[in-house]
Amino acid sequence: MNKNILTEKFTTAFQTAPFSKIATTDFLPAFILGIKNAKAEIDAIIDNPEAPTFENTIEALDFSGEQLDRISSIFFNLNSAETNEDIQKIAQEVSPLLSEFGNDITLNQDLFKRVKAVYNSKADLKLTTEQETLLDKKYKSFSRNGANLTEDKKQALREIDKELSKLKLKFGENVLAETNKFEMLITNEADLAGLPEGAKEAAKQLAESKEKEGWLITLDYPSYIPFMTYADNRELRKELALASGSKAFHNDALDNQDNVLQIATLRFKRANLLGYKTHAHFVLEERMAKTPEKVESFLNELLEKAKPAAQEEFTNLENFAKEQDGIDTLQKWDSGYYAEKLKQKLFNLDDEQLKPYFKLENVIEGAFTIANKLFGLQFEEIHTIDKYHEDVLTYKVNDENGELVSIFYADFFPRKGKRNGAWMTSYKSQSIKNGVNDRPHVSIVCNFTKPTNTKPSLLTFNEVTTLFHEFGHALHGMLANTTYPSLSGTSVFWDFVELPSQVLENWCFEKEALELFAKHYETGEVIPMELVEKIKESATFHEGMQTMRQISFGLLDMSWHAQDPSAITNVKAHEKEAFGDTQLFPDVAENCMSTAFSHIFQGGYSSGYYSYKWAEVLDADAFEYFKEEGIFNKTVATKFKENVLSKGGTENPMTLYKRFRGQEPKPEALLKRAGLIK
Ligand SMILES: [Zn+2]
C-alpha cells in the first residue's frame, strides 16, 4: 500500500501541513484510518485494567484523536478556502462518519462510567483549576447528552432529538422556499429611481437570467438591501418589506407557525428531561452569562439606557422624512431609505475617500506593529513552508525572547473555491504534552479587494476593521498557553469568544494607532483626523435604534426559550407581547418575525441572540481600560494577555475577565462609545 502523507508524522518545517504533497484522494482513506486509530485510543481508555484516574481517563480522552483532528482541520479548512467538487463530495461522505464517531464517544456507557467515577471523586483529587474545568467539561459532554438517564428516558431524548432535527430542517426549507418564491418584476424604469447603477444592472441581469423583460428584485440580500435603501418608490418598498417580513406566515404549506410552537415545546421538554428548568437554563449553563435572569436583566438594563437616544433618533428621522417628502407616519419600509439620506446629509462620507489610506500591506504591518507594542510579538514572513494557494502569506511569530509563538497564515483575496466572508481558523491547536509546549498554527481568511496592474489592494474601512477583528481572534489562538487542547485558544464559551476580536477593532479608531499605518498609498500622508472623526461619528449613527432592535430580538429569543411555552397558542400575539416597548415603528399586522427567525429556530443561536450585545459590552468595557491607561499601555496589555488571551477556556470567563479588569463588565463604556449617554 502507498504511504498516505496525511497519516504520517509531518516532516515539514515546524511540522506544518504539507499542502503541496497532499492529493485529494488521500483524504478519505486518511479519515478512515484516523477514525480507526482514535477509536482504538478510546478503547484503550475503557479497557485499562487500572481504576479510573484523572490522567488515565480524562487527560487521555482529551489527548486522543490528535491525528484525526489534524486531518479534519486541514480538510475542512480547505473546504472553506480552496474547495472543489471532489473535496465537497468527500465532505459529504465524511461528515456522517465523523458525527457517528462523535456519537460513539458521547453515548458510550463504558467510557461514561469511568468519567463519572473520576467526576464523583473530584473533591479528593487535588486538581488544578484547569484540570477541574476539563473534568467538568468532559463530564457534561456526556450528561448533557443524556448519559445519566434511564433507558426509557434516553429513548425519549433520542425521539425528541430526531423530531427536532426534522422540524428545524423543515423550518429552514420553508424560509428558503419563501425567499426564493418571491419576485418583484419592474418594467417601468422610473420605478427604479434612486437606485445606484450597479444595483440596477444587477436587477436587469437577474431578469435576463430568468428570461424576463425588465428588472427583477428578490428577497436575497444583495437585491433586497439596495432597493430598501435607495428606491424612491415608497409603494414598492412597502411591497418588498411586507414580502420579506411575512416569510412563512401565510397560513399555507410553507407556514412556520406550527413549527415554531413545536420546536419551542420540544426544546422545553428536552431540557426538563435532562433536569433543567427550561431550554435557556440548559443552554446558558455553558455561557458566561450563566442564567436567563442574568440575560434578561442585561437586556432590560441596556434597553432602559438606550431607549431615550433611540426615541430621539426616531423623532429626528421622522422629522427628516416629513421635511423631505411630507411623510406623516414613518413606517418600517421608510427606515433604511431615510436613514441613508440623513446619513449622507450629515456625514457625506464614502469609501472612495478613505481607501487610499488603507493599502492592504500597510494595514497588515499596522496590525503587526500594534501586536508588537501590546504583546511583544514579532512577525517575520517566511517562504519555507507549504501553502495551499500562492496568494497565502506565511509568517513565523516570535515573542520578545525570540521563542516561537505560532505559525500564522493569512489568505486575503477572493477566488473561486473560497466561501464568502472572513474567518479565523487553525491547523493545529496549542497544548502542552510531556512538558513540551506545542505551538499552534493559526490562519485568517478574508475576501478583500485584489490589487490590479495599476493599483494596490486598497481596503474599505469596513475591511480594515474586519482584518483587525480576525487578527484579534488569531491572537487568541496564537497566544494560547494551556495544557489541554480542548481548552486552548478560542475554545471558550460562546458569549466570550468575540471579546479578543472585537476589542482589537477599537484601535482602528484611535489617532495613535492610525498614525502607524493609515498613510496615503501615493503621498504617504497620514489620514486627516477630521476624516477619522467622521468615521467615528458615522459608525455610531442610529446606534440607539440599532441597539433597540438587537435587544428586541434578544428578548424575543428569551421569550421562546426561558419559560414553559405550552401556554403560547398564537405566535404573532406572543411575539408582540415579547417585544414589549422595544418597538419604534407601528406594528405591521401581516408580518411575523418568529416564523423566519432562522438564527434561533434553525441555527445555533437559541437563547444566544443576546450575545451580540453582550460581546459589545465586553469589548467596550475592556477597551475603556486601555483608554484610561493609554492604548499601548504595557501593563494593561500584559494583564489582557495573561488573563484572557493565553487562558483559553481553562476557567470561567467571568473569573478571567474580572482578573483582567478588576470588576464585572459594565455597559457604560459601550453606551458612551455608541453616543447613547454622555
Ligand atoms: Zn468574530
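The structure this text deals with has already been given above.
Residues numbered from 1 in each chain as written. Predicted model: local features only at pLDDT ≥ 70, side-chain atom pairs only at ≥ 80, totals over all residues. Heavy atoms only, no water.

Draft legend 1. How the structure looks around the coordination of the zinc ion. Around the zinc ion, the protein contributes the donor atoms H469 (NE2), H473 (NE2), E498 (OE) and E498 (OE), which lie 2.1 to 2.7 Å from the metal centre. Given four donor atoms and angles of 52 to 140° at the metal, the environment of the zinc ion is assigned as irregular. Considered as a linear motif, the donors of the zinc ion on their single chain read H-x3-H-x24-E. Of this pair, H469 and H473 both sit in helix 17 (residues 461-478), four residues apart, which is roughly one turn of that helix. Taken as a pair, H469 and H473 share a single burial class, namely buried. (Donors = N, O, S within 2.8 Å, 3.2 Å for Na, K, Ca; no water. Tetrahedral: all angles 85-135°; square planar, octahedral: opposite > 155°, others 65-115°. Helix = DSSP H or I, 4+ residues; strand = E, 2+ residues; numbered from the N terminus. Buried < 20%, exposed > 50% of the residue type's maximum accessible area, 1.4 Å probe, protein only.)

Draft legend 2. Region of interest: the state of the cysteines. Using the criterion set out here, one finds zero disulfides in the structure. Not engaged in a disulfide, the cysteine C508 finds its nearest cysteine sulfur in C446; these two sulfurs lie 12 Å apart. (Disulfide = S-S within 2.5 Å.)

Draft legend 3. Local environment of helix 14 (residues 332-347). Here helix 14 spans 23 Å end to end across 16 residues, near enough to the 22 Å set by a 1.5 Å rise per residue. Within helix 14, the full set of buried residues consists of W333, D334, Y337, Y338, A339, E340, L342 and F347. Buried residues belonging to helix 14 abut helix 9 (221-230), helix 10 (234-245), helix 13 (292-325) and helix 20 (529-539). Among the residues trailing helix 14, N348 stands out with phi positive, at a value near 45°. (Expected span 1.5 Å × (residues − 1). Contact = heavy atoms within 4.5 Å.)

Draft legend 4. Looking closely at helix 22 (residues 571-579). Inspection of helix 22 places V571, K572, H574, E575, A578 and F579 among the buried residues, and these make up the whole buried set. For helix 22, the arc enclosing every buried residue in end-on projection is 160°, short of the 170-degree limit, so these residues lie on one face. The secondary structure elements touched by the buried residues of helix 22 are helix 11 (257-273) and helix 21 (543-561). Count one or two residues on from helix 22 and you reach G580, which has phi positive near 50°. (Arc of directions from axis to C-beta.)

Draft legend 5. Just the pairing of strand 2 (residues 215-218), in detail. Burial along strand 2 is two-sided: W215 and I217 and L216 and T218, pointing in opposite directions, are all buried. Across four bridges, strand 1 (residues 183-186) lies against strand 2 in antiparallel orientation. Its bridge partner being in strand 2, M184 is matched across the sheet by I217. (Pairing = 2+ DSSP bridges.)

Draft legend 6. The packing of helix 16 (residues 360-375) against helix 17, seen in detail. One can describe the packing of helix 16 onto helix 17 by two numbers: an axis separation of 11 Å at closest approach and a directional angle of 40°. It follows that helix 16 is oblique to helix 17 by the angle criterion. Crossing handedness for the pair helix 16 and helix 17: right-handed. Residue-level contacts link L360, V363, I364, G366, A367, F368, I370, A371 and F375 of helix 16 to V464, L467, F468, F471 and L475 of helix 17. Among the residues forming the contact of helix 16 with helix 17, the class breakdown is 13 nonpolar, one polar and no charged. (Axes fitted to C-alpha atoms, helices over the stretch in contact; angles between N-to-C directions. Parallel < 35°, antiparallel > 145°, perpendicular 65-115°, else oblique. Left-handed = near helix turned anticlockwise from the far one by under 90°. Nonpolar A, V, L, I, M, F, W, Y, C, P; charged D, E, K, R; others polar.)

Draft legend 7. Quick look at the packing of aromatic side chains. In this structure the tally under the stated criterion is 50 aromatic pairs. Judged by centre distance (5.0 Å) and plane angle (90°), the ring pair of F314 and F585 falls under edge-to-face. In this pair, F314 sits in helix 13 while F585 sits in the loop between helix 22 and helix 23 (598-601), placing the two residues 271 residues apart along the sequence. Of the two residues examined, F314 and F585, each falls in the buried class. Measuring from ring centre to ring centre gives 6.0 Å for F408 and F471, while their planes differ by 65°; the resulting arrangement is edge-to-face. With F408 in strand 5 (residues 404-411) and F471 in helix 17, this pair connects stretches of sequence that are 63 residues apart. Given the relative accessible area of 2%, F408 is considered buried. An aromatic cluster is present here, built from W507, F623, Y625, F626, F640, Y657 and F660 joined pairwise through their rings. (Phe/Tyr/Trp six-rings, centres within 6.5 Å; stacked < 30°, edge-to-face > 60°.)

Note that every value here comes from positions in space, so none of it alone points to a role or purpose.
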